[in-house]
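Examination of the molecular architecture
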Amino acid sequence: MRTFPFLTNFSKKGILSKALFLLLVAASFSACKEPKNPYVFDTEGQKLKDELVIRQYFRANNVDTTKVVRTESGLYYLNVTPGTGDLIKAGEIADVHYIGTNIWGNEFDNSYNRGSSFSVTVGAGRVIKGWDEGLQLMKVGEEARLFVPSHLGYGPRGSGSIPGNSILIFDMKVLRKR
């Protein structure tokens, strides 16, 4: 059996002391943690931040929250002008006009200014998740405002002039569906 000289300095009656010493050494090694990876994104933490900022926006802008619907994913939907007919379904093509701003009011896109509506196959993943979900809450002729948390928008990477983790607001009008 191999002996360890640093342990032989304990008295014969010190078996308990030896065990305690080894336990402390083992505990000190197990307490060592690897540093946080700076490339790992805290999605749940960002969702919570977005939620708080959106609610703060509602308070600051006197948004009637009794008329706002929050979906399970965290998307907020406000019907501004009711539409007619059936809800838009996944797989249908919707023609929409929209104005996109960030939560601070900076406009980043506007189909009205281009003079051309935007056609999208709903639910096909060709637009941000907030649009795919929000359009399925709308009818033809409807005008709505979508409050899109960053995880349903462009996430931590952003897109073009939209910085990462941006909460987006879209004023949308469904012109027709096909």
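Residues numbered from 1 in each chain as written. Predicted model: local features only at pLDDT ≥ 70, side-chain atom pairs only at ≥ 80, totals over all residues. Heavy atoms only, no water.

One can find Gly-123 in the loop between strand 5 (118–121) and helix 4 (129–135). Residue Gly-123 is classed as partly exposed on the basis of its relative accessible area of 43%. Spatially, the C-alpha atoms of Gly-123 and Gly-134 are 9.9 Å apart, while their sequence positions differ by 11 residues. Aside from chain neighbours lying at most four places away, what touches Gly-123 is Ala-90, Asp-132 and Gln-136. (Helix = DSSP H or I, 4+ residues; strand = E, 2+ residues; numbered from the N terminus. Buried < 20%, exposed > 50% of the residue type's maximum accessible area, 1.4 Å probe, protein only. Contact = heavy atoms within 4.5 Å.)

Moving on, we come to the packing of aromatic side chains. The full count for this structure, using the stated rule, is 10 aromatic pairs. On the basis of an interplanar angle of 85° and a centroid distance of 5.5 Å, the ring pair of Trp-131 and Phe-170 is categorised as edge-to-face. Highlighted residues: Trp-131 in helix 4 and Phe-170 in strand 7 (residues 168–177), separated in sequence by 39 residues. (Phe/Tyr/Trp six-rings, centres within 6.5 Å; stacked < 30°, edge-to-face > 60°.)

With that settled, the discussion passes to the pairing of strand 2 (residues 76–81). Across 3 bridges, strand 1 (residues 68–70) lies against strand 2 in antiparallel orientation. Across the sheet, Arg-70 pairs through a bridge with Tyr-76, a residue of strand 2. Note: strand 2 against strand 6 (residues 143–148), 5 bridges, orientation antiparallel. Looking at the pairing, Tyr-77 lines up with Leu-146 of strand 6. (Pairing = 2+ DSSP bridges.)

For the rest of this paragraph, the subject is unusual backbone geometry. When glycine is set aside, most residues are seen to have a negative phi, and most peptide bonds are trans. Phi is positive for Asn-62, close to 50°, though the residue is something other than glycine. Unlike most non-glycine residues, Asn-165 shows phi in positive territory, near 60°. Looking at where Asn-165 falls in the secondary structure, it is placed in the loop between strand 6 and strand 7.

Time to look at the side chain of Ser-166. With respect to the secondary-structure elements, Ser-166 resides in the loop between strand 6 and strand 7. At 2.6 Å, the side chain of Ser-166 forms a polar contact with the backbone oxygen of Pro-163. Leave out the neighbours within four places in its chain, and Ser-166 touches Val-148, Pro-149 and Ser-150. (Polar contact = N/O pair within 3.5 Å; in protein donor to acceptor, adjacent residues only side chain to side chain.)

When pLDDT drops low, the exact placement of atoms in the prediction is not to be read closely. Of all residues in the chain, 77% attain a pLDDT of 70 or more, and the chain-wide mean is 87. The lowest-confidence element of the chain is helix 1 (residues 15–30), averaging 56 in pLDDT; the highest-confidence one is strand 6, averaging 98. (pLDDT = per-residue confidence, 0-100.)

On to the environment of Ile-88, then. The topology assignment puts Ile-88 in the loop between strand 2 and strand 3 (93–102). Taking relative accessible area as the criterion, Ile-88 reaches 2% and is therefore assigned buried. The sequence separation of Ile-88 and Gly-123 amounts to 35 residues, and the corresponding C-alpha distance is 10.0 Å.

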